[in-house]
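Listed here are the chains, written in short residue letters.
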Amino acid sequence: MQRHTLRPFAGQTSSEHGNSPKASVSKVMRHAARFSIYASLRLLALMALFITATAHADNDSQSANIAIVTSESMTDSSDTLRKNNERSLTTPTQASAAASGDAIQQFVAGDFSKRQAMLSDWPGSIESLDSFVELIANDELYQGNGGQTYLLNAEDQLFTYPDKKETTDWPSDLSQITLTNALRSALIFGQAKVKLESDKPAQRLQAVDILADNIDQVDPAIITTAAANEDNANVQKALTALQARIDFKNGDLPTQIAAVNRLADSDSPQVLVDIESAIASDNLDPTLEAALIDARDSVARRIQISTWTGHIFTGMSTASILLLAALGLAITFGLLGVINMAHGELIMIGAYTTYMVQNLFQAYLPDMVGWYLLAAVPAAFLVSAVIGMIIERIVIRPLYGRELETLLATFGVSLILMQLVRMIFGAQNVEVSNVAWLSGAYQVSSSLVLPYNRIAIIVFTVIIVALLVYLLNKTRFGLFIRAVTQNRQMARAVGIHSARIDMMAFGLGSGLAGMAGCALAQVGNVGPDLGQTYIIDTFLVVVVGGVGQVWGAVLAALGLGVSGTVLEIGIGAVLAKIVLLVLVILFIQKRPQGLFALKGRFVE
């Protein structure tokens, strides 16, 4: 609608409309009448617009209300859907993740009844069950938000599971996984059940041991069923002994006597404890008492045999370590006549080389870290051999024929090497982990267990001795070493470069010391003082065996290792060392050349 106002037309003046006041008044009246009509029409139009706008406003308000209600309902539906989605992400998804994960994750995510059922019938592998038992025993298994599994070690380092990656994002409700008495009982018999079904006799023996430790709760039907299906002699023997123990506890007099007669063939310390406890009880039947006494003597004798077998094995493993450490010294001392006081530090260098190879595998080949030892053996040989040849070139060669000066110079070299190791690696011991395939032990009987790492050291020593004998007796290099050792001047006369042979033989002896350090890293601590522990014993082996004699070193190492272990059992470590040194002094006075004298003319 157009707006009309009283205003003169453009370009007109008041004179153009006449100068008479009457005419002016009439003109104004006409305009006023026209304005009143227009104003009335405009008012009506505004009223119509107001009514229409009001109607639309009501409709819009209703629409807005409908829209608000719809929006609120949609929002509520959206919130409900979001919450449902969140619940499906936190609970069902995690449950499905746990279901698709390993057994340990399923256990952590489950409730009490599910955990008890899992322990009674473990769904995973035997290795995962052993890992679970270890984590529980070390208090390392934890549960986070929504059932996630974490590992918390003694250094308060948190790791995700199963990838075992360290994390700094600690859950707000981190809680430790512990076992109640009911769960522990379920774990004991669940573990025994899983291991009894294993195809490995060693694991079935572990299952029998678990049941034997909880004999009061064992169902005899389990033992009967397992014995009927067992085809391994050792496991069958263990099951028979366990069944006999159950019969002795729960049977009548004839059953008890028969059980005691079967137990007489056992070598288990626990069986001996049960028999002695039964003998000490009152009102024993005479026949049963006589059977118990005979069984006690038989079991005690078998245990003693197993114990001494274990001592001899320990002595042989000690002898293998001594032999590895002394082989290199036997070559260098026999060939050069040098008392190398730095030989122990060459052993130490081999051990630290093993430590470095382990770290390299952990950093760059984490999937193959279990096989780092196969690379550490040649690496320890090469590093120690190179350092030994450098020592021979720089320190020992200018001092040939001057034994006292050589001894003092190599002693100074040993101090230098120890300080260098302290500067590089620190004064504390470093950790060299055992590889998985050398962990554990072979159980010969209930009272005799042979560790795999010591068995490996004995086998490794036998291989090294065989290779060294072949090298010295069947190769050109070995022929040159024997020629220079027996008669240096004649060897030079026939064209043998004795200086080069000296350097290479010294490197060979140093490399053997490095491999000894690699082996020692698997059974003992690795620190800057490692070599000082074995240097005296290695010299004793060389002197007793005979200078430059490999077989003499073998026999001397066996004698000193086994006799030292036996003496330690009887009189203690300190007195055993004193007695052993006295015996060595007496032997050297009686036979200065050692067990095997050097053949040939030894020209200075």
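Residues numbered from 1 in each chain as written. Predicted model: local features only at pLDDT ≥ 70, side-chain atom pairs only at ≥ 80, totals over all residues. Heavy atoms only, no water.

K.L.:
I'd love a proper account of the confidence of the model for the protein chain, names of residues and values included.
P.N.:
On average, residues of the protein chain score 77 in pLDDT, and 81% of them reach the 70 mark or higher. Long-range and interchain partners of residues 48–100, a stretch whose pLDDT sits below 50, account for twelve contacts in this model, where long-range means more than four residues apart. When the criterion is pLDDT under 50, residues 600–604 qualifies, and its contacts beyond four places in sequence or with other chains add up to nine contacts. (pLDDT = per-residue confidence, 0-100. Contact = heavy atoms within 4.5 Å.)

K.L.:
Requested: an account of the packing of helix α9 (residues 233–250) against helix α10 (residues 253–263), with residues and values cited.
P.N.:
Following both chains from N to C, one finds α9 and α10 inclined at 150°, their axes separated by 8 Å at the closest point. As judged from the angle between their axes, α9 and α10 are roughly antiparallel. In the packing of α9 onto α10, the handedness of the crossing is left-handed. Here α9 contributes T240, A241, Q243, A244, R245, D247 and F248 to the contact with α10, which in turn contributes T255, Q256, A259, V260, R262 and L263. Grouping the amino acids of the contact of α9 with α10 by side-chain chemistry returns six nonpolar, four polar and three charged. (Axes fitted to C-alpha atoms, helices over the stretch in contact; angles between N-to-C directions. Helix = DSSP H or I, 4+ residues; strand = E, 2+ residues; numbered from the N terminus. Parallel < 35°, antiparallel > 145°, perpendicular 65-115°, else oblique. Left-handed = near helix turned anticlockwise from the far one by under 90°. Nonpolar A, V, L, I, M, F, W, Y, C, P; charged D, E, K, R; others polar.)

K.L.:
Let's hear about a nonpolar patch on the surface: which residues, and what values?
P.N.:
A cluster of nonpolar side chains, namely I571, V574, L575, I578, V579, V582, L583 and L586, defines an oily patch on the protein surface of about 700 Å² accessible area. Per-element accounting of the nonpolar patch gives the leading share, seven residues, to helix α22 (residues 573–590). For V582, a relative accessible area of 42% translates into the label partly exposed. (Patch = residues over 30% accessible without salt bridge, like charges linked within 9 Å, V, L, I, M, F, W, Y side chains within 5 Å. Areas by Shrake-Rupley, 256 points an atom, 1.4 Å probe, with all protein chains shown as cover. Salt bridge = Lys/Arg side-chain N within 4 Å of Asp/Glu carboxyl O. Buried < 20%, exposed > 50% of the residue type's maximum accessible area, 1.4 Å probe, protein only.)

K.L.:
Tell me about the packing of aromatic side chains, and please be specific about residues and values.
P.N.:
A full pass over the atoms with the stated rule returns five aromatic pairs. On the basis of an interplanar angle of 65° and a centroid distance of 4.7 Å, the ring pair of F107 and F132 is categorised as edge-to-face. With F107 in helix α3 (residues 103–109) and F132 in helix α5 (residues 126–137), this pair connects stretches of sequence that are 25 residues apart. Assigned by exposure class, F107 and F132 land together as buried. Note on Y355 and F425: the rings are 6.0 Å apart at their centroids and 75° apart in plane angle, and the pair reads as edge-to-face. Separated by 70 residues along the polypeptide, Y355 in helix α13 (residues 343–364) and F425 in helix α15 (residues 403–425) bring together distant segments of the chain. (Phe/Tyr/Trp six-rings, centres within 6.5 Å; stacked < 30°, edge-to-face > 60°.)

K.L.:
Help me get a handle on the pairing of strand β5 (residues 441–445), residues and values and all.
P.N.:
By the bridge criterion, four bridges tie β5 to strand β6 (residues 448–451) in an arrangement that is antiparallel. Along β6, the bridge assignment pairs S445 with L448. Hairpin geometry of β5 and β6 is characterised by an intervening segment of two residues between the two adjacent antiparallel strands. (Pairing = 2+ DSSP bridges.)

K.L.:
With reference to specific residues and values, describe the pattern of salt bridges.
P.N.:
Counted under the stated rule, the structure contains nine salt bridges. A salt bridge links D297 to R296, with the shortest nitrogen-to-oxygen separation between them at 3.6 Å. Its salt-bridge partner being R422, residue D529 comes within 2.9 Å of it at the nearest N-O pair. Of this pair, D529 sits in the loop between α19 (498–520) and α20 (530–545) while R422 sits in helix α15, and the two are 107 residues apart along the sequence. Accessibility expressed as a relative area gives 25% for R422, which makes it partly exposed.

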